[in-house]
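Okay, here's what each chain looks like letter by letter:
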Amino acid sequence: MNLRLLATVLLGIMVFCGCEEIEKLDKESEERNLRNLTEWSVNSFTSESAISKFGYENCFKIVAMEDYWWDEFMSFDHGAQYDVSKNDFSSVRSLFYCQNSMSHIRIGEIICNKSIANDLLTIFRQLYEANYNIESLMPVNNTDYSMLTEQASPSFNFTFCFHYNSTPIDEMHLKGLAVVINPYTPPTADDLAVKLFKQHGFTWGGDVSGGKRYRFEKK
(Lines give C-alpha, C1' and ligand atoms only; values in the text may rest on other atoms or scores of the structure.)
Protein backbone atom coordinates (compact mmCIF):
# COMPACT_ATOMS: atom_id res chain seq x y z
CA MET A 1 0.00 0.00 0.00
CA ASN A 2 1.51 3.31 -1.04
CA LEU A 3 1.60 6.32 1.29
CA ARG A 4 -1.18 8.21 -0.49
CA LEU A 5 -3.57 5.25 -0.24
CA LEU A 6 -2.62 4.72 3.40
CA ALA A 7 -3.31 8.38 4.19
CA THR A 8 -6.70 8.12 2.47
CA VAL A 9 -7.62 5.04 4.48
CA LEU A 10 -6.55 6.63 7.76
CA LEU A 11 -8.49 9.80 6.95
CA GLY A 12 -11.57 7.71 6.21
CA ILE A 13 -11.25 5.93 9.55
CA MET A 14 -10.90 9.24 11.38
CA VAL A 15 -13.94 10.70 9.64
CA PHE A 16 -16.00 7.59 10.40
CA CYS A 17 -15.01 7.63 14.07
CA GLY A 18 -15.70 11.35 14.24
CA CYS A 19 -19.18 10.88 12.79
CA GLU A 20 -19.92 8.12 15.29
CA GLU A 21 -18.86 10.39 18.17
CA ILE A 22 -21.01 13.24 16.85
CA GLU A 23 -24.00 10.91 16.52
CA LYS A 24 -23.44 9.72 20.09
CA LEU A 25 -23.34 13.28 21.41
CA ASP A 26 -26.43 14.22 19.42
CA LYS A 27 -28.30 11.22 20.84
CA GLU A 28 -27.27 12.08 24.40
CA SER A 29 -28.32 15.69 23.88
CA GLU A 30 -31.70 14.66 22.49
CA GLU A 31 -32.29 12.25 25.40
CA ARG A 32 -31.49 15.06 27.83
CA ASN A 33 -33.84 17.46 26.04
CA LEU A 34 -36.67 14.93 26.24
CA ARG A 35 -35.90 14.15 29.89
CA ASN A 36 -36.05 17.87 30.70
CA LEU A 37 -39.62 17.87 29.39
CA THR A 38 -40.79 14.65 31.04
CA GLU A 39 -39.40 15.86 34.38
CA TRP A 40 -40.45 19.45 33.59
CA SER A 41 -37.08 20.81 34.62
CA VAL A 42 -37.85 24.53 34.90
CA ASN A 43 -35.54 26.93 33.06
CA SER A 44 -33.68 24.11 31.29
CA PHE A 45 -33.33 23.67 27.53
CA THR A 46 -35.20 21.49 25.09
CA SER A 47 -35.60 21.10 21.33
CA GLU A 48 -38.29 20.90 18.65
CA SER A 49 -37.66 17.19 18.09
CA ALA A 50 -37.98 16.49 21.84
CA ILE A 51 -41.19 18.54 21.92
CA SER A 52 -42.55 16.47 19.05
CA LYS A 53 -41.91 13.25 20.99
CA PHE A 54 -43.27 14.65 24.25
CA GLY A 55 -46.34 16.17 22.64
CA TYR A 56 -46.80 19.86 21.91
CA GLU A 57 -50.04 20.15 23.90
CA ASN A 58 -48.29 18.65 26.94
CA CYS A 59 -45.97 21.67 26.96
CA PHE A 60 -48.79 24.06 27.91
CA LYS A 61 -50.69 22.95 30.99
CA ILE A 62 -52.17 24.09 34.28
CA VAL A 63 -51.17 21.92 37.25
CA ALA A 64 -51.58 22.03 41.02
CA MET A 65 -49.20 24.23 42.98
CA GLU A 66 -46.46 22.09 44.56
CA ASP A 67 -46.40 21.75 48.34
CA TYR A 68 -42.82 23.05 48.37
CA TRP A 69 -43.87 26.55 47.31
CA TRP A 70 -46.76 26.70 49.74
CA ASP A 71 -44.51 25.55 52.61
CA GLU A 72 -42.03 28.27 51.68
CA PHE A 73 -44.81 30.85 51.68
CA MET A 74 -46.16 29.71 55.04
CA SER A 75 -42.69 30.03 56.57
CA PHE A 76 -43.08 33.82 56.29
CA ASP A 77 -45.04 35.14 59.29
CA HIS A 78 -46.57 38.00 57.32
CA GLY A 79 -48.26 35.50 55.01
CA ALA A 80 -50.89 34.80 57.65
CA GLN A 81 -52.08 38.40 57.42
CA TYR A 82 -53.95 37.73 54.20
CA ASP A 83 -56.83 35.42 53.45
CA VAL A 84 -55.19 33.08 50.95
CA SER A 85 -54.93 29.31 50.82
CA LYS A 86 -53.03 26.78 48.73
CA ASN A 87 -56.22 26.09 46.81
CA ASP A 88 -56.17 29.67 45.52
CA PHE A 89 -53.10 28.96 43.36
CA SER A 90 -52.11 27.01 40.27
CA SER A 91 -48.91 26.54 38.34
CA VAL A 92 -48.93 27.38 34.64
CA ARG A 93 -46.41 25.41 32.60
CA SER A 94 -45.29 26.84 29.29
CA LEU A 95 -42.38 26.77 26.90
CA PHE A 96 -40.73 30.13 26.37
CA TYR A 97 -38.34 31.60 23.85
CA CYS A 98 -35.04 33.01 25.11
CA GLN A 99 -32.94 34.57 22.35
CA ASN A 100 -29.87 34.91 24.59
CA SER A 101 -29.45 31.19 25.22
CA MET A 102 -27.69 28.62 23.04
CA SER A 103 -30.90 26.66 22.67
CA HIS A 104 -33.67 29.22 22.32
CA ILE A 105 -36.43 26.91 23.58
CA ARG A 106 -36.66 26.71 27.35
CA ILE A 107 -39.04 25.22 29.90
CA GLY A 108 -40.98 27.60 32.14
CA GLU A 109 -43.46 27.69 34.97
CA ILE A 110 -45.28 30.49 36.78
CA ILE A 111 -47.38 30.30 39.97
CA CYS A 112 -50.52 32.42 39.89
CA ASN A 113 -54.00 32.81 41.28
CA LYS A 114 -56.36 30.23 39.80
CA SER A 115 -58.60 33.01 38.53
CA ILE A 116 -55.98 34.09 35.96
CA ALA A 117 -54.39 30.69 35.19
CA ASN A 118 -56.24 30.21 31.89
CA ASP A 119 -55.38 33.76 30.84
CA LEU A 120 -51.68 33.22 31.50
CA LEU A 121 -51.67 29.83 29.78
CA THR A 122 -53.06 31.41 26.60
CA ILE A 123 -50.82 34.49 26.79
CA PHE A 124 -47.54 32.66 27.34
CA ARG A 125 -48.35 30.14 24.63
CA GLN A 126 -48.98 32.98 22.18
CA LEU A 127 -45.77 34.71 23.26
CA TYR A 128 -43.80 31.51 22.70
CA GLU A 129 -45.31 30.93 19.28
CA ALA A 130 -44.39 34.51 18.34
CA ASN A 131 -40.75 33.99 19.46
CA TYR A 132 -41.24 36.70 22.08
CA ASN A 133 -38.10 36.95 24.19
CA ILE A 134 -38.40 36.05 27.87
CA GLU A 135 -35.22 35.81 29.90
CA SER A 136 -36.54 33.52 32.63
CA LEU A 137 -39.95 32.09 33.51
CA MET A 138 -39.83 30.42 36.90
CA PRO A 139 -41.08 30.71 40.50
CA VAL A 140 -38.87 33.06 42.52
CA ASN A 141 -40.02 32.22 46.10
CA ASN A 142 -38.03 34.27 48.62
CA THR A 143 -35.78 36.25 46.30
CA ASP A 144 -35.59 39.88 47.41
CA TYR A 145 -38.43 41.56 45.52
CA SER A 146 -36.65 44.92 45.28
CA MET A 147 -33.85 43.27 43.29
CA LEU A 148 -36.42 42.14 40.73
CA THR A 149 -38.08 45.49 40.25
CA GLU A 150 -36.65 48.78 41.49
CA GLN A 151 -33.05 47.61 41.06
CA ALA A 152 -33.54 45.01 38.36
CA SER A 153 -30.38 43.75 36.70
CA PRO A 154 -29.66 41.05 34.10
CA SER A 155 -29.10 38.61 36.98
CA PHE A 156 -32.60 39.26 38.29
CA ASN A 157 -34.54 39.49 35.04
CA PHE A 158 -37.30 37.08 36.12
CA THR A 159 -40.82 36.88 34.77
CA PHE A 160 -43.01 35.95 37.74
CA CYS A 161 -46.37 36.38 39.44
CA PHE A 162 -46.75 34.89 42.95
CA HIS A 163 -44.29 36.51 45.38
CA TYR A 164 -44.29 37.14 49.09
CA ASN A 165 -40.94 38.57 50.21
CA SER A 166 -41.38 42.33 49.97
CA THR A 167 -41.50 45.30 52.32
CA PRO A 168 -44.11 46.63 52.38
CA ILE A 169 -46.11 43.54 51.47
CA ASP A 170 -47.38 43.62 47.89
CA GLU A 171 -50.89 42.22 48.18
CA MET A 172 -51.37 41.72 44.42
CA HIS A 173 -48.26 39.54 44.19
CA LEU A 174 -49.12 37.79 47.44
CA LYS A 175 -52.45 36.78 45.92
CA GLY A 176 -50.86 35.86 42.58
CA LEU A 177 -52.66 38.55 40.58
CA ALA A 178 -49.76 40.73 39.38
CA VAL A 179 -47.40 39.61 36.62
CA VAL A 180 -43.95 41.07 36.02
CA ILE A 181 -42.41 40.61 32.57
CA ASN A 182 -38.64 40.99 32.10
CA PRO A 183 -38.16 43.81 34.67
CA TYR A 184 -34.66 44.64 33.39
CA THR A 185 -35.95 45.05 29.83
CA PRO A 186 -39.66 45.82 30.39
CA PRO A 187 -42.23 45.93 27.59
CA THR A 188 -43.21 49.15 25.84
CA ALA A 189 -46.62 50.42 24.75
CA ASP A 190 -46.56 48.71 21.34
CA ASP A 191 -45.21 45.45 22.77
CA LEU A 192 -46.99 42.16 22.00
CA ALA A 193 -47.13 41.26 25.70
CA VAL A 194 -48.91 44.52 26.50
CA LYS A 195 -51.48 43.89 23.76
CA LEU A 196 -52.15 40.31 24.86
CA PHE A 197 -52.48 41.08 28.54
CA LYS A 198 -54.87 43.94 27.82
CA GLN A 199 -56.95 41.66 25.60
CA HIS A 200 -57.37 39.41 28.64
CA GLY A 201 -58.52 42.24 30.89
CA PHE A 202 -55.26 43.11 32.65
CA THR A 203 -54.22 46.66 33.41
CA TRP A 204 -50.66 47.73 32.57
CA GLY A 205 -48.49 49.95 34.74
CA GLY A 206 -47.23 51.81 31.69
CA ASP A 207 -50.65 53.43 31.28
CA VAL A 208 -50.54 54.94 34.77
CA SER A 209 -48.52 57.98 35.76
CA GLY A 210 -45.65 56.70 37.88
CA GLY A 211 -46.67 53.09 37.18
CA LYS A 212 -44.27 50.20 36.60
CA ARG A 213 -44.39 49.32 32.93
CA TYR A 214 -43.40 45.68 33.38
CA ARG A 215 -46.39 45.02 35.67
CA PHE A 216 -49.79 43.64 34.70
CA GLU A 217 -52.67 43.28 37.17
CA LYS A 218 -56.08 41.69 37.12
CA LYS A 219 -58.49 41.99 40.05
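Going by the structure above, here's the rest.
This section reports on the structure supplied with the text. Since we're looking at a predicted model, the values are computed, not measured.

1. Considering the environment of Pro186
Here is step 1 of the chain: Note that Pro186 resides in the loop between strand E4 (178-180) and helix H7 (192-199).
Here is step 2 of the chain: Expressed as a C-alpha distance, the spacing of Pro186 and Lys212, which sit 26 residues apart in the sequence, is 8.9 Å.
Here is step 3 of the chain: Discounting residues that sit within four places of it in the chain, Pro186 has contacts with Ile181, Arg213 and Tyr214.

2. Here's the deal with the environment of Phe124
Here is step 1 of the chain: As for its position among the elements, Phe124 is in helix H4 (residues 117-129).
Here is step 2 of the chain: Taking the C-alpha atoms as reference points, Phe124 and Leu95, 29 residues apart in sequence, are found 7.8 Å from one another.
Here is step 3 of the chain: Filtering out sequence-adjacent residues up to four positions away, Phe124 remains in contact with Ser94, Leu95, Ile110, Ile134, Leu137, Thr159, Val179 and Ile181.

3. Quick look at the sheet that holds strand E3 (residues 105-113)
Here is step 1 of the chain: If you trace the three strands from one edge of the open sheet to the other, you get E1-E2-E3, paired in antiparallel fashion. Taken across any chain shown, the strands that pair with only one partner, and hence form the sheet edges, are strand E1 (61-64) and E3. Pairs of neighbouring strands in the sheet enclose a mean axial angle of 30°, with direction left out of account.
Here is step 2 of the chain: Sheet topology note: the strand E2 (residues 89-97)/E3 ladder contains nine bridges and is antiparallel. Within E3, the position partnered with Phe96 by the bridge is Arg106.
Here is step 3 of the chain: Where H4 meets the sheet, its contacts fall on E1, E2 and E3, and the angle it forms with E2 comes to roughly 5°.

4. Let's talk about the pairing of E2
Here is step 1 of the chain: Burial within E2 is extensive, with eight of its nine residues counted as buried.
Here is step 2 of the chain: Where E1 and E2 come together, four bridges link them in antiparallel fashion. Within E2, the position partnered with Lys61 by the bridge is Arg93.

5. Observations regarding the packing of aromatic side chains
Here is step 1 of the chain: A full pass over the atoms with the stated rule returns 10 aromatic pairs.
Here is step 2 of the chain: Summarising the aromatic geometry, the rings of Phe73 and Phe162 are spaced 5.6 Å apart at their centres and angled 65° between planes, so their arrangement reads as edge-to-face. Highlighted residues: Phe73 in helix H3 (residues 67-74) and Phe162 in the loop between helix H5 (145-148) and helix H6 (171-174), separated in sequence by 89 residues.
Here is step 3 of the chain: Residue class for Phe73 comes out buried when judged on its relative accessible area of 0%.
Here is step 4 of the chain: Taking relative accessible area as the criterion, Phe162 reaches 5% and is therefore assigned buried.
Here is step 5 of the chain: Put simply, the rings of Trp70, Phe73, Phe89 and Phe162 pair up and form one aromatic cluster.
Here is step 6 of the chain: The residue whose ring lies beneath Arg125 is Phe60, and the NZ or CZ to ring-centre distance is 4.9 Å.

6. Observations regarding the nonpolar core
Here is step 1 of the chain: If you look at the biggest cluster of nonpolar residues, it comprises 39 residues, and the most contacted ones within it are Leu95, Leu120, Phe124 and Val179.
Here is step 2 of the chain: For this core, the secondary-structure elements that each account for two or more residues are helix H2 (48-54), E2, E3, H4, E4 and H7.
Here is step 3 of the chain: It is H4 that contributes the most residues to this core, seven residues altogether.
Here is step 4 of the chain: Among the nonpolar cores identified, the runner-up in size contains 11 residues, and Phe89, Ile111, Phe162 and Tyr164 belong to it.

Scoring rules and cut-offs
- Residues numbered from 1 in each chain as written.
- Predicted model: local features only at pLDDT ≥ 70, side-chain atom pairs only at ≥ 80, totals over all residues.
- Heavy atoms only, no water.
- Helix = DSSP H or I, 4+ residues; strand = E, 2+ residues; numbered from the N terminus.
- Contact = heavy atoms within 4.5 Å.
- Pairing = 2+ DSSP bridges.
- Axes fitted to C-alpha atoms, helices over the stretch in contact; angles between N-to-C directions.
- Buried < 20%, exposed > 50% of the residue type's maximum accessible area, 1.4 Å probe, protein only.
- Phe/Tyr/Trp six-rings, centres within 6.5 Å; stacked < 30°, edge-to-face > 60°.
- Lys NZ or Arg CZ within 6 Å of the ring centre and 35° of its normal.
- Core = buried A, V, L, I, M, F, W, Y, C linked by side-chain atoms within 4.5 Å.

Scope: geometric values only; no functional claims are made or implied.
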